[in-house]
Structure formats: C-alpha cells, structure tokens
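# Descriptive structure summary
Here is what each chain is made of, one letter per residue.
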Amino acid sequence: MSKCEQCIVREFSSLKALNKDELLKMANCKTSYTIKKGEPIFEEGESVNGIYCIKDGVCKLSKLSANGKDQIVKLVKPGELLGQRSMISDEPANLSAVALEDMEVCFIPKSEVLGFFNNNNQFSMNMMKTICGDLKDADDHMVSMAQKTVKERLAETLLYLEDTFGKNEDGSLHIQLSREELAGMIGTATESCIRLLSEFNKTGLIDITGKKIVILDKNKLKRMAE
C-alpha cells in the first residue's frame, strides 16, 4: 500500500492540511486504479461520490456540446484532485474526465472526505480555495474565448502546454493532443485549427512532425498570445 503521506498529491492539494491520523485513515479507505490512455475516470452526469487524487498522468476535463463536439475545459496534472465540486454541491459530475496518457489515480469515498471536512478547518478552507481558483480560471478562460482571436488562443494554448506539462527529450510538447482536442481547447473547428497550425509551421513559429509539435519561437508566440 503506497503511503499517502509521501504522495505527490498531498504536496500540492487541499490534502496537505491533513494530519498523520487522517492520512492513515485515508490510506485505509482509498482505492488505487490504473487508467489507460483514452479511458474515462468518470463521465458527465455520473455520481462521483468521492474525490480522485491524480498521482500520475494527465487527463482532460471536457463537456459535450449540443452539436456533439467535445469542448475541453481544463487539463489536470499530477498533484490535483477531481470531483471536489460535485461532492460538495451533491450533484452529478458536470464534466467528463478522460485520460490523455496512462494514469495512476486514487479514489477516496465521500463519507471519509466529509469527515475531514467537518473536523479539519484548514482542510475545508483549502478545498474552498481550490474551487474558487477553478472559478477564477473559468472566468479568465471565458474572457479569453470572447476577446481573443482563434490565432491568439492557439498561441496561448501551445505556450500553456509547454509551460505546464513540459517537453520530451526531442523538444516536442509532452502532451500530444489530437487536432480535434486542440481545436476543442481553443473553441474552433478542427479544420481551422489544422489550417492555423500549418500557418504557424510555415512561418517558423513551430515545427510539426506527425503528431509532434515543437515550439521554435516562444517570444513571437508570446507576443501573438497577448
């Protein structure tokens, strides 16, 4: 059984407020899963009934729009928690979480988390702060969608992917999104996204080899994104 107190999730999330006894309790009631690339952790409309700790790997949080398009709302990295909002609001999941690479995830049932919530003030404060942070990000994203051109949003997203998730040894973005996923992140049609990527490629901003994207001119992209 892996120790909760030495886990990456604890360093970065609300869980850092839990004491030794609480962490031991959590270790005894959690279930660990390996989620394969492309598999869902949970789907929109599902009752989550607890929180998921992302130990390893990255997933996308997305919503299916009326026309059947997948709108990516957020990418979630190791050290983050999923399902806090629907657990507190007692509502089904508002988004789907799907693995973008193989993942290691732990599930902690709602009854345990609510126990921590009632008995540990700092833990509940931390969780509230996280949810407020998510709301702020959602506001920023909405403003960016409304006020920036698709070109500016693509530049911004490519920079975000490199800054947040890093690069492979060959310099390519570690998170390889499909053209559809990238289009879903910037809120445009896949064709427009492909057209813009090839324009960025031609003008020497990025280099594209198959699915791999290498950022060549970070400063120019930054200027474009602003």
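Residues numbered from 1 in each chain as written. Predicted model: local features only at pLDDT ≥ 70, side-chain atom pairs only at ≥ 80, totals over all residues. Heavy atoms only, no water.

### Side note on the overall build of the protein chain
- Broken down by element type, the protein chain carries 9 helices and 10 strands.
- For 226 residues, the compact-globule estimate of 2.2 N^0.38 gives 17 Å, and the protein chain sits close to it at 19 Å.
- C-alpha atoms of the protein chain, sized along the principal axes, occupy 55 × 40 × 30 Å.
- Out of the 226 residues in the protein chain, the part that is buried amounts to 44%.
- For the protein chain, the exposed surface amounts to about 12,100 Å²; the carbon and sulfur share of it is 51%.
- Side-chain charges of the protein chain comprise 31 positive and 34 negative groups, with the mean position of each set lying 3 Å from the other. (Helix = DSSP H or I, 4+ residues; strand = E, 2+ residues; numbered from the N terminus. Rg over C-alpha atoms; globule rule 2.2 N^0.38 Å. Buried < 20%, exposed > 50% of the residue type's maximum accessible area, 1.4 Å probe, protein only. Areas by Shrake-Rupley, 256 points an atom, 1.4 Å probe, with all protein chains shown as cover. Lys, Arg positive; Asp, Glu negative; His and termini not counted. Charge placed at Lys NZ, Arg CZ, Asp CG, Glu CD.)

### A word on the nonpolar core
- Counting residues in each nonpolar core, the largest one holds 27 residues, and the members touching the most others are Leu158, Leu182, Ile206 and Leu221.
- Every element with two or more residues in this core is listed here: strand 5 (70–76), helix 6 (150–165), helix 7 (179–186), helix 8 (190–202), strand 10 (212–215) and helix 9 (218–225).
- Examining the composition of this core, we find that 6 residues originate from one element, helix 6, more than from any other.
- Beyond its immediate chain neighbours, meaning those up to four positions away, isoleucine 206 contacts Leu158, Leu197, Phe200, Asn201, Ile213, Val214, Ile215, Leu216 and Leu221.
- Among the nonpolar cores identified, the runner-up in size contains 22 residues, and Cys4, Leu23, Leu81 and Val113 belong to it. (Core = buried A, V, L, I, M, F, W, Y, C linked by side-chain atoms within 4.5 Å. Contact = heavy atoms within 4.5 Å.)

### Focus: the pairing of strand 4 (residues 59–64)
- Taken together, the 6 bridges between strand 4 and strand 5 define a ladder with antiparallel strand orientation. The residue of strand 5 that forms the bridge with serine 62 is isoleucine 72.
- Counting the residues in the hairpin turn of strand 4 and strand 5 gives 5 residues, including glycine 68, whose phi is positive at 80°.
- Pairing of strand 4 with strand 7 (residues 96–99) involves 4 bridges; the strand directions are antiparallel. Along strand 7, the bridge assignment pairs leucine 61 with alanine 97. (Pairing = 2+ DSSP bridges.)

### Concerning the packing of helix 4 (residues 110–119) against helix 5 (residues 121–147)
- At a closest axis distance of 5 Å, the pairing of helix 4 and helix 5 adopts a crossing angle of 110°. It follows from the interaxial angle that helix 4 and helix 5 lie roughly perpendicular. Contacts from Val113, Phe116, Phe117 and Asn119 of helix 4 reach helix 5 at Asn121, Phe123, Ser124, Met127 and Met128.
- Residue composition of the contact of helix 4 with helix 5, by class: 6 nonpolar, 3 polar and no charged. (Axes fitted to C-alpha atoms, helices over the stretch in contact; angles between N-to-C directions. Parallel < 35°, antiparallel > 145°, perpendicular 65-115°, else oblique. Nonpolar A, V, L, I, M, F, W, Y, C, P; charged D, E, K, R; others polar.)

### Brief notes about the packing of aromatic side chains
- Counted according to the given criterion, the structure contains 5 aromatic pairs.
- With 6.2 Å between their ring centres and 90° between their planes, phenylalanine 117 and phenylalanine 123 make a pair best called edge-to-face. The two residues phenylalanine 117 and phenylalanine 123 agree in class, both being buried.
- For the ring pair tyrosine 160 and phenylalanine 165, a centre distance of 5.8 Å and an interplane angle of 85° mean the geometry is edge-to-face.
- Owing to a relative accessible area of 30%, tyrosine 160 belongs among the partly exposed residues under this scheme. (Phe/Tyr/Trp six-rings, centres within 6.5 Å; stacked < 30°, edge-to-face > 60°.)

### So, the UniProt feature "domain: Cyclic nucleotide-binding" (unreviewed entry) in the protein chain
- UniProt annotation of "domain: Cyclic nucleotide-binding" (unreviewed entry) refers to residues 14–110 when read in the numbering used here.
- The annotated region residues 14–110 carries 18% helix and 42% strand content, and the separation between its end C-alpha atoms amounts to 15 Å. (UniProt positions renumbered as here; feature names shortened; annotations may be inferred.)

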